[in-house]
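Listed below are the residues making up each chain.
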Amino acid sequence: MTSLADLHALMARLGHPVVQQAAPSGYGFADGAPYRYEIPSVEGPAVLEAVMAESDRLGVPIARTSQGSGVMMLTDAEISDMARLGAERGIEVNLFLGPRAAWDTGGQAKLTQAVGAAARGNAMVAACVADALRACSLGIRSLLVGDLGTLEVLRRLKEDGTLPANLVLKTSVLMPLTNGPTAAVLERLGATTLNVGTDLTVPHLAEIRAATRLPIDLYLEVPDDQGGFVRFYEAVEIVRAASPVYLKMGLRNAPNIYPSGHHLGVVPRELGRERVRRAALVQRLIKQLDPELAELPAHRAPSRPSDLGVPEI
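Residues numbered from 1 in each chain as written. Predicted model: local features only at pLDDT ≥ 70, side-chain atom pairs only at ≥ 80, totals over all residues. Heavy atoms only, no water.

## A few points about the sheet that holds strand β9 (residues 245–249)
Put simply, the rule is: Two strands qualify as a pair provided DSSP detects at least 2 bridges between them. Helix and strand labels come from DSSP, where a helix needs a run of H or I of at least four residues and a strand needs a run of E of at least two; each type is numbered from the N terminus. Throughout, a contact is declared for two residues whenever any of their heavy atoms are within 4.5 Å. Orientation is described by lines fitted to C-alpha atoms, with helices fitted over the stretch in contact, and by angles between N-to-C directions that extend from 0 to 180 degrees.
Pairing is parallel across the open sheet formed by eight strands, whose spatial order is β6-β5-β4-β3-β2-β9-β8-β7. Each of the sheet's edge strands pairs with one partner strand only, and the pair in question is β6 (168–171) and β7 (194–195). Across five bridges, the pairing between strand β8 (residues 216–221) and β9 is parallel. Paired with D217 across the bridge in β9 is Y246. Helix α9 (residues 267–289) rests against β2 (35–39), β8 and β9 of the sheet, and its axis sits at about 160° to β2.

Rendered as structure tokens:
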């Protein structure tokens, strides 16, 4: 009978060791930062402006904002404004590719979120590509991808010059990533930053870090529909094991605003401000629990677009 030790030795031989106690990652972003703050659900330029204002007020450096409603829910002017605002402040503006199973006519996504971001049929993949081409033509250089096949198609379009070579392809939390081998597959398919499962332990994160040097994105506060965890006190351990890592600030007890729009009034802006306040709470905890880590840069404005998503190797 194969023992547990034998199974762990087999995994190590395959390049995916089972981690019992996480060691420091030893990697960081190109600017020297081991971690950065990401504010999700920044659905348009008004929300982005509110997030930047709150960032200034609270002294929290925001490196990336991400959007959930999709490129197709924004006008050309809104996309251009977001690209301009991000460039002026050195903030990576990440937009979701629009069509997805959860909003389509199919039934499975109404029963389980497991397929919510999938592209149903080749026509929906083509629509995602159309979203990508439009966003890039308006100055966006970071896209959020929820479908495995779409990710691989976008990689090929980057390679043949149809899409910019420096385009960041960020995987969605709706595309489950919970182990090292899966991380390695997503990297081969074209991912440049990896959104991992919300409930992973620190050793799990260390196993993913052992499989890839791409930045990891992790919710420190998780929306209710993804588990609702609040992991502020784990921030230091997470950064040590997973750097370079984006600390992503979701919200519990918050309404689902996808797809967003003017009909929601001030709600998206106020949610954005509160996410920045949550980041300020994490920043205070890091200073309390690990003053040396707090002295390291959480983010500097990038000197070139490729600095936005590429770790120091």
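## Observations regarding the pattern of salt bridges
Basically, it comes down to this: A pair is scored as a salt bridge if a Lys or Arg side-chain nitrogen falls within 4 Å of a carboxyl oxygen belonging to Asp or Glu. Residue burial is assigned from relative accessible area. The probe radius is 1.4 Å, only protein chains are included, and a residue is buried under 20% of its type maximum, exposed over 50%, and partly exposed in between.
Per the stated rule, a full pass over the model turns up 23 salt bridges. Among the salt bridges present, the one from R84 reaches E88, with a minimum N-O distance of 3.3 Å. Taken together, the residues R84 and E88, both in helix α3 (residues 76–89) and four residues apart, mark about one turn of the helix. On the basis of relative accessible area, R84 is assigned to the partly exposed category, the value being 39%. Residue classification places E88 among the exposed residues on the basis of a relative accessible area of 54%.

## Notes on unusual backbone geometry
Both trends apply: most residues other than glycine have a negative phi, and most peptide bonds are in trans. Residue P244 is reached from S243 by a cis peptide bond, and omega for that bond is 0°. Summarising the element assignment, P244 is placed in the loop between α8 (235–242) and β9. A cis amide bond links Y258 to the next residue, P259, at an omega of -10°. Despite not being glycine, S41 shows a phi value in the positive range, around 60°. We note that N253 has phi near 55°; this positive angle belongs to a residue other than glycine. Relative to the helices and strands, N253 is located in the loop between β9 and α9. By relative accessible area, N253 is classed as exposed at 69%.

## Some words on the packing of helix α5 (residues 148–159) against helix α6 (residues 180–189)
Where we set the bar: Any angle from 65 to 115 degrees is called roughly perpendicular, while one under 35 is roughly parallel, one over 145 is roughly antiparallel, and all others are oblique. Gly is put with the polar residues, along with every residue not named as nonpolar or charged; the nonpolar set is Ala, Val, Leu, Ile, Met, Phe, Trp, Tyr, Cys and Pro, and the charged set is Asp, Glu, Lys and Arg.
One can describe the packing of α5 onto α6 by two numbers: an axis separation of 8 Å at closest approach and a directional angle of 40°. Classified by the angle between their axes, α5 and α6 sit oblique to one another. Seen from α5, the contacting residues are L148, L151, E152 and R155; seen from α6, they are L186, R188 and L189. Its residues assigned to classes, the contact of α5 with α6 shows four nonpolar, no polar and three charged.

## Some words on α3
Short version of the rule: A helix is expected to span 1.5 Å multiplied by its residue count minus one. Throughout, the arc means the angular range of directions from the helix axis out to the C-beta atoms.
Helix length check: α3 (14 residues) gives 20 Å between terminal C-alpha atoms against 20 Å at 1.5 Å per residue, within 8%. What α3 keeps buried is the set E78, I79, M82, A83, L85 and G86. Considered in projection along α3, the buried side chains sweep an arc of 165° and stay on one side of the axis. Those residues of α3 that are exposed and angled more than 90 degrees off the buried face are A87 and E88. Turning to α3, the residues buried within the fold contact α2 (45–58), β4 (92–96) and α4 (122–137). Looking at the residues trailing α3, positive phi occurs at G90, about 70°.

## Points about empty space enclosed by the protein
As a reminder of what qualifies: Cavities and pockets were defined on a 1 Å grid built from protein atoms only: a cavity is a group of points that admits a 1.4 Å probe but offers it no way out, a pocket is an open group of points flanked by protein on both sides within 12 Å along at least five of seven lines, and a lining residue is one with an atom within 4 Å of any such point. Grid points are joined across faces, edges and corners, and a volume is the space filled by probe spheres set on the points.
Tallied over the full model, the rule gives one cavity of 30 Å³ or more. If you add up the space inside the largest cavity, you get close to 60 Å³. Forming the boundary of the largest cavity are F96, L97, P99, A117, A118, A119, C128, V145, G146, D147 and T150. For the lining of the largest cavity, a count of residues per class yields eight nonpolar, two polar and one charged.

## Some remarks on the confidence of the model for the protein
Rule in force here: Residue-level confidence of the predictor, termed pLDDT, takes values from 0 up to 100.
Taken residue by residue, the protein gives an average pLDDT of 90. The fraction at 70 or more is 94%. This model gives residues 302–313 a pLDDT under 50, and the stretch forms 29 contacts once residues within four places in sequence are excluded.

## Focus: the packing of aromatic side chains
For any two aromatic rings, the description comes down to two numbers: the centre-to-centre distance and the angle of the planes. Our working rule: Within 6.5 Å between ring centres, the rings of Phe, Tyr and Trp (the latter by its six-membered ring) count as paired, and their orientation is classed by plane angle as stacked under 30 degrees, edge-to-face over 60, tilted in between. Sitting over a ring, as applied to charges here, requires NZ of Lys or CZ of Arg to be within 6 Å of the ring centre and within 35 degrees of the ring normal.
Under the definition given, this model contains two aromatic pairs. Seen in terms of ring centroids, F29 and Y246 are 5.1 Å apart; in terms of plane orientation they differ by 70°. Their pairing is edge-to-face. With F29 in strand β1 (residues 28–29) and Y246 in strand β9, this pair connects stretches of sequence that are 217 residues apart. According to the relative accessible area criterion, F29 is buried, its value standing at 1%. Ring geometry for Y35 versus Y37: centroids 5.7 Å apart, planes at 85°, classification edge-to-face. Like Y35, the residue Y37 is buried in the burial classification. Over the ring of F29 we find R36, and its NZ or CZ is 3.9 Å from the ring centre.

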